[in-house]
Structures are given as C-alpha cells and as structure tokens.
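Remarks on the overall topology
Chain by chain, the residues run as shown.
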Amino acid sequence: SALPRCKPFKYTYEKEIVMYAFHKKLDYFATECIYSPQAYRGVAREFIKDVEIVEPVCILNAIISGDEMKLGANSERMMQVQGQCTKCGYITSQKVCKACVLLEGLNSGNALSGMSRQACQ
C-alpha cells in the first residue's frame, strides 16, 4: 500500500523556513538548479512574487484554492480513488495504468490508441 505524503511545511513561507534554519544554524541547500533560469516556472514565480508585494497572502490563498480544487470543494463530481493497475500492480486511479495502455498500443502497432481518454477507462 502507498503511504500518504506528509507536508508539514505546506503553509509555511519559504522565507520563514530559511530564517529558522539560519537561526538554528542548520545545514540547508541554498543554491538553485543550473537549469532553473530556462524553466517556465521562473516566470510564474516572478509573477507570484510581484502579486505578493501588493497582496501578501496571495501565496497562501493559492495553496488553499489548490486544495479546494483537489478535494473537490463545492463539486458534485466524485474524486478519483487510488487503486492498482490490473496488469502491473502499480498505483493508478484507473483499472489499467497509462504505462500499460501505452505499451499495449505500441505492441499492437497502434500507438495512438493509448493516447485517448477512453483508453484508460
């Protein structure tokens, strides 16, 4: 069975975590990935930082909104349930995982068959 992810610092700002590590004299990794300047998420990060200057709670509001979307707040749609692939046993929300569907399509000579939504259901 898969363990649920634990996110103890989910609602803690990165600045606060770094300041805590600094004051407690803890070792922490503070360099950016060499590929991050080319990553698109840098653009999103800059946008969020610009909005944070105007509205300091925007990051927290984005996290809460994401949680509500993930949990299906005010939604009549059923959330997906984590299960296991009937072919390989890996974690999936479908009967057969996407990897097995794609492999089946490649083996049958019809690679596009594994790319549709109906292929996974």
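To be clear, the structure that these remarks concern was listed above.
All of the points below concern the structure found in this document.

So, how was this worked out
- Residues numbered from 1 in each chain as written.
- Predicted model: local features only at pLDDT ≥ 70, side-chain atom pairs only at ≥ 80, totals over all residues.
- Heavy atoms only, no water.
- Helix = DSSP H or I, 4+ residues; strand = E, 2+ residues; numbered from the N terminus.
- Buried < 20%, exposed > 50% of the residue type's maximum accessible area, 1.4 Å probe, protein only.
- Contact = heavy atoms within 4.5 Å.
- Areas by Shrake-Rupley, 256 points an atom, 1.4 Å probe, with all protein chains shown as cover.
- Patch = residues over 30% accessible without salt bridge, like charges linked within 9 Å, V, L, I, M, F, W, Y side chains within 5 Å.
- Salt bridge = Lys/Arg side-chain N within 4 Å of Asp/Glu carboxyl O.
- Core = buried A, V, L, I, M, F, W, Y, C linked by side-chain atoms within 4.5 Å.

Describing the overall build of the chain
The helix and strand tally for the chain stands at four helices and two strands. Helices and strands appear in the chain in the N-to-C order α-α-α-β-β-α. Buried positions account for 13% of the 121 residues belonging to the chain. Long-range pairs, those at least 24 residues apart, make up 27% of the contacts in the chain between residues at least 6 apart in sequence. As displayed, the chain offers around 11100 Å² of accessible surface, 60% of which is attributable to carbon and sulfur atoms.

Re a nonpolar patch on the surface
Residues Val18, Phe22 and Tyr28 make up a contiguous nonpolar surface patch of roughly 280 Å² in combined accessible area. Here phenylalanine 22 lies in helix H1 (residues 14-23). Residue class for phenylalanine 22 comes out exposed when judged on its relative accessible area of 51%.

Considering the nonpolar core
Counting five residues, the largest nonpolar core is built from Cys85, Val96, Cys97, Cys100 and Val101. Contacts of cysteine 100, omitting those with residues within four sequence positions, involve Cys85, Lys87 and Cys88.

Quick look at unusual backbone geometry
Residues other than glycine seldom take positive phi values, yet lysine 25 does so here, at roughly 55°. By secondary structure assignment, the location of lysine 25 is in the loop between H1 and helix H2 (41-54). A relative accessible area of 72% places lysine 25 in the exposed class.

Quick look at the environment of isoleucine 48
Mapped onto the fold, isoleucine 48 is located in helix H2. In this structure isoleucine 48 comes out as partly exposed when scored by relative accessible area, which is 36%. Sequence-wise, isoleucine 48 and cysteine 58 are 10 residues apart; in three dimensions their C-alpha atoms are separated by 7.6 Å. Other than its neighbours up to four places away in sequence, isoleucine 48 contacts Cys58 and Ile59.

Some remarks on the pattern of salt bridges
By the definition in use, this model includes three salt bridges. The salt bridge involving lysine 15 is made with glutamate 52; its shortest N-O contact spans 3.9 Å. One end of the pair, lysine 15, is in helix H1; the other, glutamate 52, is in helix H2, with 37 residues separating them in the sequence. According to the relative accessible area criterion, glutamate 52 is buried, its value standing at 11%. Salt bridges sharing partners connect three or more residues here, namely Lys15, Lys49 and Glu52.

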